[in-house]
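So you can see what is in the structure, the chains are spelled out below.
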Amino acid sequence: MKNINEEYSLLSTKAYEEIKRSIVEEELKGGERLTESKLSDLLGVSRTPIREALRRLNFEGYISMTPNYGFAINELTEDDMREILEVRRALEGEAARMAAQRITGQQKESLTRNFQRIRSLNDVGEDKETHVQRFMTLDVEFHHEILSIAGNSRFISMEESLQDRLYRLRFACLSVDESIRECTEQHERILNAILDGNAEAADFYSREHLIRIQNLSNRLFHK
């Protein structure tokens, strides 16, 4: 019985992670209906772990259940974007300030290598969706490393609670032409301020970066 329960738990987790990834990366669009039968066929698992995955996604706010309609993906609203970015702006600004004050020589080398991977990605020829996904992975790593350098474990837990929703937001924003190159330039300003130990500048450029994302998100709603 234990093995059956473990297998069920693994299948449920796999279904949850795959459905959430599809929502975050907008393979499944806001407003789209989700049915157990369709997802079961798509993921190759029975309906029982699908049902548990949908309950979890509903609890976390990615989907909602409507009577006589079933589950549907929640739209990412303008208010959602604004609230997420307000929290993130305060978090990343303070983390960058602390990182500039606490960074070690070894950490400087690591953060610089992280940024160099971001910058080199701009010269890679690939389709736009793949390019955005690769950039997003490096972007998340860059900001996560700054939070780690800041040395406050609460920053990490706060980041993790917002990360998937912010990823969904950034994925949509970075699909706008030229936004990746502009974000790379902003990352470089943040990096240089931290390397120079300039806490005020690190705070300012980190907040400015999130304001830029806010402006991009506004364009998505006011085309």
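What you see is a predicted model; the values in this text were computed from it and never measured. (Residues numbered from 1 in each chain as written. Predicted model: local features only at pLDDT ≥ 70, side-chain atom pairs only at ≥ 80, totals over all residues. Heavy atoms only, no water.)

Before going further, it helps to examine the overall build of the protein chain. In terms of regular secondary structure, the protein chain is built from nine helices and three strands. Element order for the protein chain, N to C, with α for helix and β for strand: α-β-α-α-β-β-α-α-α-α-α-α. Taking all 223 residues of the protein chain together, 43% fall into the buried category. Across the protein chain, every contact between residues at least 6 apart in sequence was considered, and the portion connecting residues at least 24 apart equals 76%. (Helix = DSSP H or I, 4+ residues; strand = E, 2+ residues; numbered from the N terminus. Buried < 20%, exposed > 50% of the residue type's maximum accessible area, 1.4 Å probe, protein only. Contact = heavy atoms within 4.5 Å.)

Time to look at the confidence of the model for the protein chain. Summarising the model, the protein chain shows a mean pLDDT of 85, and 87% of its residues fall at 70 or more. At the low end of the mean pLDDT range in the protein chain sits helix H7 (residues 153-173), at 75; at the high end sits helix H5 (residues 105-121), at 94. (pLDDT = per-residue confidence, 0-100.)

With that settled, the discussion passes to the packing of aromatic side chains. Using the criterion set out here, one finds one aromatic pair in the structure. Aromatic pair Phe204 and Tyr205: ring centres 5.4 Å apart, planes at 70 degrees, arrangement edge-to-face. Phe204 sits in the partly exposed class, given a relative accessible area of 48%. Above the plane of the ring of Tyr16 lies Arg56, whose end atom (NZ or CZ) is 3.6 Å from the centre. (Phe/Tyr/Trp six-rings, centres within 6.5 Å; stacked < 30°, edge-to-face > 60°. Lys NZ or Arg CZ within 6 Å of the ring centre and 35° of its normal.)

Here we take up the pairing of strand S3 (residues 70-73). By the bridge criterion, two bridges tie strand S1 (residues 33-34) to S3 in an arrangement that is antiparallel. By the bridge assignment for S3, Leu34 is matched with Phe71. Here strand S2 (residues 63-66) runs beside S3; their pairing, made up of four bridges, is antiparallel. When the sheet's bridge partners are listed, Ser64 is paired in S3 with Ala72. Linking two consecutive strands that pair antiparallel, namely S2 and S3, is a turn of three residues; a positive phi of about 70 degrees is found at Asn68 within it. (Pairing = 2+ DSSP bridges.)

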